[in-house]
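# Summary of the model geometry
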Amino acid sequence: MYLGIDIGTSGVKAILLSEAGDVVAQATASLPVSRPQPLWSEQDPADWWTATNTAVARLPTELKAQVQGIGLAGQMHGATLLDASDQPLRPAILWNDGRSETACQTLESRVPRSRDITGNRSMPGFTAPKLIWTANFEPDVFEKTAKVLLPKDYIRLLMTGEYATDLSDAAGTLWVDVANRSWSDEMLKACRLTSEHMPRLYEGSEMTGVLLATVASEWSIAANTPVVAGGGDNAAGAIGMGVFNPGDAFLSLGTSGVLFAADDTYRPNAASGVHTFCHALPNRWHQMSVMLSAASCLDWAVRFSGAQSVETLISAAEGQGEVGKADALFLPYLSGERTPHNNPRAKGVLFGLTHESDTADLGQAVLEGVALGFADGLDVLASSADIASISVIGGGARSNYWGRILAAALNRPLLYRKNADVGPALGAARLAQMGVNGHNEPEFSAPEIDHEIVPNREDAERLAVKLDRFRRLYQSTRDLL
């Protein structure tokens, strides 16, 4: 049995994977997000640990006793600043935090070849500019910072006592030489840091330590159980869905939205806002188009409209008419946007309303708006990655109606696989299985296809027209705030 733990933004998910590759149990625990100022997004690291303990406690005790290895996945880019006693100095600054826009410019001016080193543009969500912001605005905190850990690696520290991370997650800090899979002293120096501030780097299935006896006792798991490096949530999700060879791709419908393409070659495309990171497996990389708000837009729409739930909102939209026919447009930039705009100040827009507009129209506009945002990202991603079909993971993967809209907007078949809603936790468990069994190459395949959604030609034609209006609406409103 293998335990996979995913430290997400809205919650922690834990799953148990059998030796045969079946998910035999899963549990979750929710997490709050704090937004104390405009553009800010933070979490208390103590909440991650509480939620992790809660999720693991909800798994069957008799199965946990059989766990042979543990893998971790987690939200990327979060800056967890620890003092010399490993105590958090402030709330963690999250991936969807936009306060460090100016710090991004500072970083690229300090290291003119930063994009060549990291394979990426400096964006506010990444970790490095957050440390420049901290040095400028919270100098006392910065001076006391002894270690900078990513969210899942703070949990690893509490589990094992070790400072460690994996390359797929670390690549999203902007402190990694992504081609050579190592810390970049030049990028660290630009942030007034050294490799001593960083955890040790590992490939995803490598052992990073063992479970402390105190934690093992609380979790009803054997002491000294190996803990492998794991992966950032997207790379781990890719391992869960069998996306690790060139041409393999998935779409993640979580709090954020990701289009992910695997590769065995390093192919950066920083100019277009595409992310190029190490994969969670040796000698593999991946490219991503990232939206900061995806399924979270539906949560907003439920609060805004007073609808009973996301499910009732989607049902109302599905019953109101055909895809792409309504005039209403929604720009899904509730937390700013990354690909392709790299604009933390981009705002959500609901446009084209009339006296007759109702909750169903709002739901339809939001579903289509997120899909059109994905289409924007696919255009730039496809310039460096050959994508034929796309697997779907994340909570939003449960809606076939949204799948119909997404397939039409992307004009690609969407594959819905078994266990798609636990992708990152499944990938973490699979990496643990690889590590315990001493395998360097994955011996698993993509999970079984549950069903496939093929683009409807009329839907695709209407949404192609709407995509042009969507893009013009962004250009028209971009500089108004």
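The numbering scheme is per chain: residues are counted from 1 as the chain's sequence reads. Per-residue local features are limited, in this predicted model, to residues with pLDDT of at least 70; the limit for side-chain atom pairs, both in listing and counting, is 80 or more; totals at the level of whole chains, interfaces and linings are taken over all residues. Heavy atoms from the whole structure form the basis of all side-chain values; hydrogens and water molecules are not counted.

### Some remarks on the pattern of salt bridges
Side chains bearing opposite charge may pair, as long as their charged atoms lie close to each other. In what follows, salt bridge is the name for a side-chain nitrogen of Lys or Arg lying within 4 Å of a carboxyl oxygen of Asp or Glu. Applying the stated criterion to the full structure yields 25 salt bridges. Linking Glu 42 and Arg 99 is a salt bridge whose minimum nitrogen-to-oxygen distance equals 2.7 Å. Taken as a pair, Glu 42 in strand β4 (residues 42-43) and Arg 99 in the loop between β7 (92-93) and α3 (101-110) lie far apart in primary sequence, 57 residues in all. In terms of burial, Glu 42 and Arg 99 fall into one category: buried. A salt bridge links Glu 203 to Arg 181, with the nearest nitrogen and oxygen atoms 3.0 Å apart. Of this pair, Glu 203 sits in the loop between β12 (200-202) and β13 (207-210) while Arg 181 sits in the loop between β10 (176-177) and β11 (182-183), placing them 22 residues apart in sequence. Taken together, the shared-partner salt bridges connect Glu 42, Arg 90, Asp 97, Arg 99 and Glu 138 into one network. Going along the chain from the N terminus, every DSSP run of H or I of four or more residues is numbered as a helix, and every run of E of two or more is numbered as a strand. The buried label applies to any residue whose accessible area, calculated with a 1.4 Å probe on protein chains only, is under 20% of its type's maximum; exposed applies above 50%, and partly exposed to all values in between.

### What to know about the packing of helix α12 (residues 295-305) against helix α14 (residues 359-381)
Angles run from 0 to 180 degrees between N-to-C directions of axes, and those axes are lines fitted to C-alpha atoms, restricted for helices to the stretch in contact. The N-to-C vectors of α12 and α14 enclose an angle of 165 degrees; their axes lie 10 Å apart at closest approach. By the criterion of interaxial angle, the relationship of α12 to α14 is roughly antiparallel. Between α12 and α14 lies a crossing of right-handed hand. Packed against α12, whose contacting residues are Cys 297, Leu 298, Trp 300, Ala 301, Phe 304 and Ser 305, the element α14 presents Thr 359, Leu 362, Val 366, Leu 367 and Val 370 at the interface. Across the contact of α12 with α14, the residue classes tally to 9 nonpolar, 2 polar and no charged. Here the word oblique covers every angle except those under 35 degrees (roughly parallel), over 145 (roughly antiparallel) and from 65 to 115 (roughly perpendicular). Two helices crossing with the near one rotated counterclockwise from the far one by less than a right angle form a left-handed crossing, whereas a clockwise rotation gives a right-handed crossing. Throughout, a contact is declared for two residues whenever any of their heavy atoms are within 4.5 Å. Residues are grouped as follows: Ala, Val, Leu, Ile, Met, Phe, Trp, Tyr, Cys and Pro are nonpolar; Asp, Glu, Lys and Arg are charged; every other residue, Gly included, is polar.

### Some details on the nonpolar core
Buried together is how nonpolar side chains tend to be arranged in soluble globular proteins. By size, the foremost hydrophobic cluster in this structure holds 67 residues, and its most contacted members are Ile 15, Leu 107, Leu 131, Trp 175, Trp 183, Leu 193 and Phe 260. Apart from the residues within four sequence positions on either side, Phe 260 is in contact with Asn 234, Ala 235, Ala 238, Val 243, Asp 248, Ala 249, Phe 250, His 279, His 286, Gln 287 and Met 288. By nonpolar core we mean a set of buried residues, namely Ala, Val, Leu, Ile, Met, Phe, Trp, Tyr and Cys, connected to one another through side-chain atoms within 4.5 Å. Counting 60 residues, the second-largest nonpolar core is a separate cluster that includes Leu 298, Leu 313, Phe 330 and Ala 397.

### Some remarks on the pairing of strand β5 (residues 69-74)
Across the 6 residues that make up β5, a large majority, 6, are buried. Burial along β5 is two-sided: Gly 69, Gly 71 and Ala 73 and Ile 70, Leu 72 and Gly 74, pointing in opposite directions, are all buried. When strand β1 (residues 2-7) meets β5, the two strands line up parallel, connected through 6 bridges. Along β5, the bridge assignment pairs Ile 7 with Gly 74. Strands qualify as paired when DSSP identifies two bridges or more between them. Bridge analysis of β5 against strand β15 (residues 231-232) gives 2 bridges, and the strand direction is parallel. Bridge pairing links Ala 73 to Gly 231 in β15.

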